[in-house]
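Chain by chain, the residues:
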Amino acid sequence: MTYLTKHHKTSVWYFRRTVPPEIRPAMAGRVEWYESLRTKDYDEAKERAKVVGIKVDVAFREARKAVQVPAEAGAASDAWEWQEWVRDLTAGFDLPVMPGPAVYDEVTLDDAKTIASAWVRNRLADHENRVAIHGVPKVNYGPVPLPDPPRNWISGNIETYRFQVGRQLNQPVARLSVVDQVRDIRLTSGNIEIAIFEAANRFGLLLDPAGDSWRRLRYAILLATETLANGIERVNSGQGIPESASTTISTVVPTVIPKRVENREPEQKGKLLSELYAMYAAEAGTTVKMAVEHATIFTRFRDIIGGDLPVRVITKAQVVEFKSILFQMPRYLTGPQKKMSLREVVAGTPPDATRLSVASIRKSISILQTIFEWGVKNGIMDTNPVKGAVPAKAKRTAGPARLFFSDEDIKLIFTSPIWAGCESDAKYWEPGTHLVQDERRWLPLLALYTGCRLEELGQLLVRDVRQDAGIWFLDITTINENENGSGKSLKTAGSHRRIPLHPVLVQIGFLDYVQGQTTERVFPNLKRNSLGVLTARYSKIWARYSDKIGLSDTRKTFHSFRHSFKRSCRGVMSNDIHDALTGHAGGGIGGTYGRDEAGGRVSLAILAEAIARVEFPGFPDLK
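Quick caveat, the model's predicted, so the values are computed rather than measured. (Residues numbered from 1 in each chain as written. Predicted model: local features only at pLDDT ≥ 70, side-chain atom pairs only at ≥ 80, totals over all residues. Heavy atoms only, no water.)

**Focus on the environment of glycine 53**
Right, on to step 1. Here glycine 53 shows up in helix H1 (residues 42-67).
Right, on to step 2. When the C-alpha positions of glycine 53 and arginine 16 are compared, they lie 9.6 Å apart, and in sequence the two are 37 residues distant. (Helix = DSSP H or I, 4+ residues; strand = E, 2+ residues; numbered from the N terminus.)

This is how it looks when you write it as structure tokens:
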């Protein structure tokens with residue numbers, strides 16, 4: 001479920017989810033989680049809802065811990081939430097909803113087929129009565145009255161409008177293949193889910209929508225729709241209900257003997273794929289960006305292997321097939337392709353399309369391998385089917401993927417309008433007399449003279465610019481003393497470090513800029529995107545600015561400042577000091593000895609002396 005709802009006045013999509021009653025005390029009595037997704041586009045809202053959903057799941061999980069809800073109560077809460085969803089889904093339908101606590105039923109495939117057959121007979125009987133009273137209904141395609149054009153219709157050519165609308169309305173309604181719907185639940189309309197609920201309730205059964213019984217009945221109902229369609233055609237043509245379908249529902253009720261179970265025992269096949277990941281993520285921890293990335297990988301993997309399977313039954317052959325499919329995938333998916341299965345996407349991809357990079361595929365398979373290996377180590381599964389399936393790195397034939405900035409590049413950058421004078425804050429790429437004093441000026445300077453990654457600089461707080469024994473430095477850390485939460489993160493544990501400010505940065509006024517800030521952030525203009533990344537928008541601004549000033553080599557990106565810093569360090573300091581400044585791990589276990597209170601392997605004074613020797617001959621005098 002996506003928990004999406006549209007505001008009736010603004011058409012903005014919202015995430016809406018009911019808070020289970022037993023955890024409301026831990027959530028300040030909150031009855032409902034209602035959060036704007038800040039978009040009117042449905043596809044974009046679905047993507048943003050995934051991120052909010054992860055946040056809500058975490059909040060609910062923490063709330064359950066706070067009120068110490070037992071496992072069986074959590075299961076009852078899930079059932080209660082399902083009943084709430086069914087109540088919304090079936091609003092306006094005269095369907096019997098079972099009162100009281102949920103007690104899920106076990107239905108075999110034979111039971112499901114019997115229920116589906118009874119559902120067909122009941123539907124045919126209802127249809128025959130309607131035909132007898134009102135006549136054969138009109139077909140749902142053919143010549144129909146065309147509506148008037150909307151008020152915002154721009155074109156004055158009314159005939160064009162009528163032709164376009166008529167061409168869409170006067171077409172037969174396409175029916176999806178039952179086989180496709182059985183294979184991919186995303187292709188099934190909500191009417192099928194309502195039919196399952198209705199058919200089960202007619203026998204007094206309550207089925208778990210995430211359980212095997214629901215899936216069995218869904219499969220049987222989908223297969224029965226073909227029989228239903230043929231029967232309706234016979235009734236419409238005057239032939240009546242087939243003799244084989246004339247039995248009433250009451251005669252088949254005794255054949256369904258459900259087994260009621262209060263607490264379903266776990267299957268012998270063990271944890272499901274989704275359960276494995278949930279356990280891994282709870283222990284390892286994930287950022288929002290990682291959670292969304294992992295969700296994409298697991299969604300694609302489930303698409304290929306056939307659903308949320310027990311991890312013990314997943315085979316090496318399925319992993320290899322998944323990898324093979326990824327190598328055939330296009331790099332970018334269109335809107336319609338996002339709604340297809342991976343096999344359908346691959347089948348419709350032209351031979352000359354740009355494919356996923358080897359690096360992207362390696363990352364997807366590596367993540368699966370890591371999570372499955374965690375499952376092996378924790379006794380959840382016996383073997384790792386992904387082990388050894390990670391593809392080899394692609395051979396480079398055209399040099400490095402990223403280059404450092406040459407002396408000429410550095411001169412070109414720092415004599416361009418942002419630093420030499422631009423027309424205005426808005427037209428910062430045009431020459432003028434205005435001096436920009438925000439992240440556009442300072443982020444490239446800091447990256448060049450500290451070697452920091454872009455996101456490390458973007459998330460700097462004013463208190464991270466500190467002084468110790470007369471040495472000003474940047475405290476690159478995830479420590480967050482603000483109770484409101486600043487959401488800081490680092491790439492690796494070794495990235496936590498202290499970097500002395502280069503004398504050039506002090507001379508050109510960086511400290512004055514920091515001390516002039518009135519908020520907690522050094523760069524308050526940076527805003528997080530849907531994945532929680534602060535510098536995503538700035539990265540695009542930098543790319544466009546680079547093109548405008550003539551720096552068009554695609555291998556030279558913002559990260560090239562870090563490469564330039566590392567290259568300059570190699571000639572003036574040892575590798576240990578170099579690694580300490582750039583946040584690279586080194587020295588094995590011995591490298592963890594002798595660290596100071598801040599975790600540094602090298603003293604701040606030695607780092608300050610070393611960084612002062614870093615020079616860039618192309619850098620102009622900005623004083």
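**Considerations on the sheet that holds strand E8 (residues 497-500)**
Right, on to step 1. Taken in spatial order, the three strands make up an open sheet running E6-E7-E8, and their pairing is antiparallel. Two strands close off the open sheet at either side, each with one partner strand: strand E6 (465-468) and E8. Neighbour to neighbour, the strand axes of the sheet diverge by 40° on average, direction disregarded.
Right, on to step 2. In the sheet, E6 pairs with strand E7 (residues 471-476) via four bridges, with the strands oriented antiparallel. Bridge pairing in E7 places glutamine 467 opposite tryptophan 472. (Pairing = 2+ DSSP bridges. Axes fitted to C-alpha atoms, helices over the stretch in contact; angles between N-to-C directions.)

**Let's talk about the packing of helix H10 (residues 316-328) against helix H13 (residues 358-377)**
Right, on to step 1. Packing of H10 against H13 brings their axes to within 10 Å, and their N-to-C directions diverge by 155°. Between H10 and H13, the angle falls in the class roughly antiparallel. For the pair H10 and H13, the sense of crossing is right-handed. Listed contacts from H13 to Phe322, Lys323, Leu326 and Phe327 of H10 are Val358, Ile361, Ser364, Ile365 and Leu368.
Right, on to step 2. For the contact of H10 with H13, the class distribution of residues is seven nonpolar, one polar and one charged. (Parallel < 35°, antiparallel > 145°, perpendicular 65-115°, else oblique. Left-handed = near helix turned anticlockwise from the far one by under 90°. Contact = heavy atoms within 4.5 Å. Nonpolar A, V, L, I, M, F, W, Y, C, P; charged D, E, K, R; others polar.)

**Side note on the sheet that holds strand E1 (residues 4-6)**
Right, on to step 1. Read across the open sheet, the three strands follow the order E1-E2-E3; overall the sheet is antiparallel. Whereas interior strands pair on both sides, the edge strands pair on one side only; in this sheet they are E1 and strand E3 (32-36). The sheet shows a mean angle of 30° between the axes of neighbouring strands, direction not considered.
Right, on to step 2. Bridge count for E1 against strand E2 (residues 13-18) is three bridges, and the pairing is antiparallel. Bridging across to E2, threonine 5 finds its partner in tyrosine 14.
Right, on to step 3. Packing of H1 onto the sheet brings it into contact with E1, E2 and E3, and relative to E2 it is tilted by some 30°.

**Comments concerning the packing of aromatic side chains**
Right, on to step 1. For the structure on display, the rule yields 25 aromatic pairs.
Right, on to step 2. Aromatic pair phenylalanine 414 and phenylalanine 619: ring centres 5.1 Å apart, planes at 55°, arrangement tilted. Of the two residues, phenylalanine 414 is situated in helix H14 (residues 407-414) and phenylalanine 619 in the segment after helix H23 (604-611); the sequence distance between them amounts to 205 residues.
Right, on to step 3. By relative accessible area, which is 1% here, phenylalanine 414 ends up buried.
Right, on to step 4. When the ring centre of tryptophan 442 is taken as reference, the NZ or CZ atom of arginine 441 above it lies at 5.2 Å.
Right, on to step 5. Between arginine 498 and the ring centre of phenylalanine 473, over which it is positioned, the NZ or CZ distance is 5.1 Å. (Phe/Tyr/Trp six-rings, centres within 6.5 Å; stacked < 30°, edge-to-face > 60°. Buried < 20%, exposed > 50% of the residue type's maximum accessible area, 1.4 Å probe, protein only. Lys NZ or Arg CZ within 6 Å of the ring centre and 35° of its normal.)

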